[in-house]
Amino acid sequence: MKGGAALKIYLDGKLVPEKKAMVSVFDHGLLYGDGVFEGIRAYNGRVFKLEEHIDRLFRSAKAIDLEIPMTHAAMCSALLATCRANRMRDGYIRLVVTRGVGNLGLNPYTCKKPGIIIIASKIQLYPKELYERGMRMVTSGTLRNHTEALSPNIKSLNYLNNILAKIEAINAGVYEVVMLNQQGFVAEATGDNIFIVTGNRLRTPPISAGALEGVTRNTVMCLAREIGMDVAEEVLTRYDLYTADEVFLTGTAAEIISVVDIDRRVIGSGKPGPRSRALGARFHEYAGSTGAPIYARGGKAG
Ligand code: PXG
């Protein structure tokens, strides 16, 4: 959802009004979900963890044998220029690289030029009240993609696995589901990583369990170590979630959100716990004061 003034969209090297920002029906991004993306946030006139997101974009592209026709540095500059063109200080940036226009048929090598799209807008994944109250989750019947089918580390344009799980969430009257891997271990949520707190220990599933290596995940692990928590990546079961003191999700769009009920088991006190709250506060403090400046000398928008 967007609101306010019409956006200027970066499309293949040009900034165009959103009404004119169109892609071809022959783009394999549309025809086959063939492409990669990143979701990035800006806080207080700075793009949070820009380098990390662009690095991950290039890794995703490499994994699908898609050569991005721009350098890492040029991609960062294009993204910052798009933020400036939209006078962004706080918001959400969607960066998409599609396979490009090609012939019908799966063969990606008929696509000669990848499409590059940068949208600088806003996102609200969950209602505001849920950040105060905490959210409920259920376990989804849809398993996370097998790592050797479509690696969860590739942030690809093919999100049907996650969308099928999201459909289950919405039909069950909740906003998120716990997604398990093929072994039945906890992987992640549909667009967020999952953490549990037990005493002073913070645990999250390893990447090998089928989780995306989230930029927010990595940040939260660092912040938790700084406040003296014992942080570990460990294989987790639903039993571990049900019996934890606290559970929370992390993601660029979600930020940090507490989970207070999973499959009708109340987690801890049934309210967002002290560790999750402390980490959330530290995260916002850190995110608001670091990152790549959009405007020279931290100047104002426009
Ligand atoms: N797992 C999955 C499957 C994701 O797609 C995360 C974890 C969290 O990673 P980051 O790096 O964001 O901490 C994601 C990220 C959206 C949206 O439009 C989804 C994500 C990010 C931004 C927007 O729903 N997913």
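The following refers to the structure shown. (Residues numbered from 1 in each chain as written. Predicted model: local features only at pLDDT ≥ 70, side-chain atom pairs only at ≥ 80, totals over all residues. Heavy atoms only, no water.)

## Points about the sheet that holds strand β3 (residues 35-43)
Next, step 1: The antiparallel open sheet is built from seven strands, whose spatial order is β2-β1-β6-β5-β3-β4-β16. Looking at strand neighbours, the two that pair on one side only are β2 (14-17) and β16 (292-293), the edges of this open sheet.
Next, step 2: With two bridges connecting them, strand β4 (residues 46-47) and β16 associate as antiparallel partners. By the bridge assignment for β16, R46 is matched with P293.
Next, step 3: Strands β1 (8-11), β2, β3, β4, β5 (91-98), β6 (115-121) and β16 of the sheet are contacted by helix α3 (residues 72-85), whose axis makes an angle of about 40 degrees with β6. (Pairing = 2+ DSSP bridges. Helix = DSSP H or I, 4+ residues; strand = E, 2+ residues; numbered from the N terminus. Contact = heavy atoms within 4.5 Å. Axes fitted to C-alpha atoms, helices over the stretch in contact; angles between N-to-C directions.)

## Observations concerning the pattern of salt bridges
Next, step 1: For the structure on display, the rule yields twelve salt bridges.
Next, step 2: A salt bridge links E188 to R144; its shortest N-O distance comes to 2.6 Å. With a gap of 44 residues between them, E188 in strand β9 (residues 186-188) and R144 in the loop between β7 (135-139) and α5 (160-171) connect regions that are remote in the sequence. One exposure class covers both E188 and R144, and it is buried.
Next, step 3: Several salt bridges share partner residues, and in doing so they unite R201, R203, D230 and E234 into one network. (Salt bridge = Lys/Arg side-chain N within 4 Å of Asp/Glu carboxyl O. Buried < 20%, exposed > 50% of the residue type's maximum accessible area, 1.4 Å probe, protein only.)

## Notes on the environment of Y286
Next, step 1: Relative to the elements of secondary structure, Y286 occurs in helix α8 (residues 274-287).
Next, step 2: Classification of Y286 as partly exposed rests on a relative accessible area of 28%.
Next, step 3: Once the C-alpha coordinates of Y286 and L241 are considered, the two residues, 45 residues apart in sequence, prove to be 27 Å apart.
Next, step 4: If we ignore the near neighbours within four places in the chain, the residues touching Y286 are F48, K49, T219 and L223.

## Things to note about the site of the ligand
Next, step 1: The ligand sits among 22 residues. The nearest are R94, Y159, E188, T216 and T252.
Next, step 2: In the environment of the ligand, an oxygen atom lies 2.8 Å from a nitrogen or oxygen atom belonging to the side chain of R56.
Next, step 3: A distance of 2.5 Å separates an oxygen atom of the ligand from a polar atom in the side chain of T216.
Next, step 4: Protein burial of the ligand: of its 540 Å² of free accessible surface, 92% is covered by the chains.
Next, step 5: Contributions of two or more residues to the shell around the ligand are made by β5 and α6 (215-226).
Next, step 6: By residue class, the composition of the shell around the ligand is seven nonpolar, nine polar and six charged. (Near = heavy atom within 4 Å. Polar contact = N/O pair within 3.5 Å; in protein donor to acceptor, adjacent residues only side chain to side chain. Areas by Shrake-Rupley, 256 points an atom, 1.4 Å probe, with all protein chains shown as cover. Nonpolar A, V, L, I, M, F, W, Y, C, P; charged D, E, K, R; others polar.)

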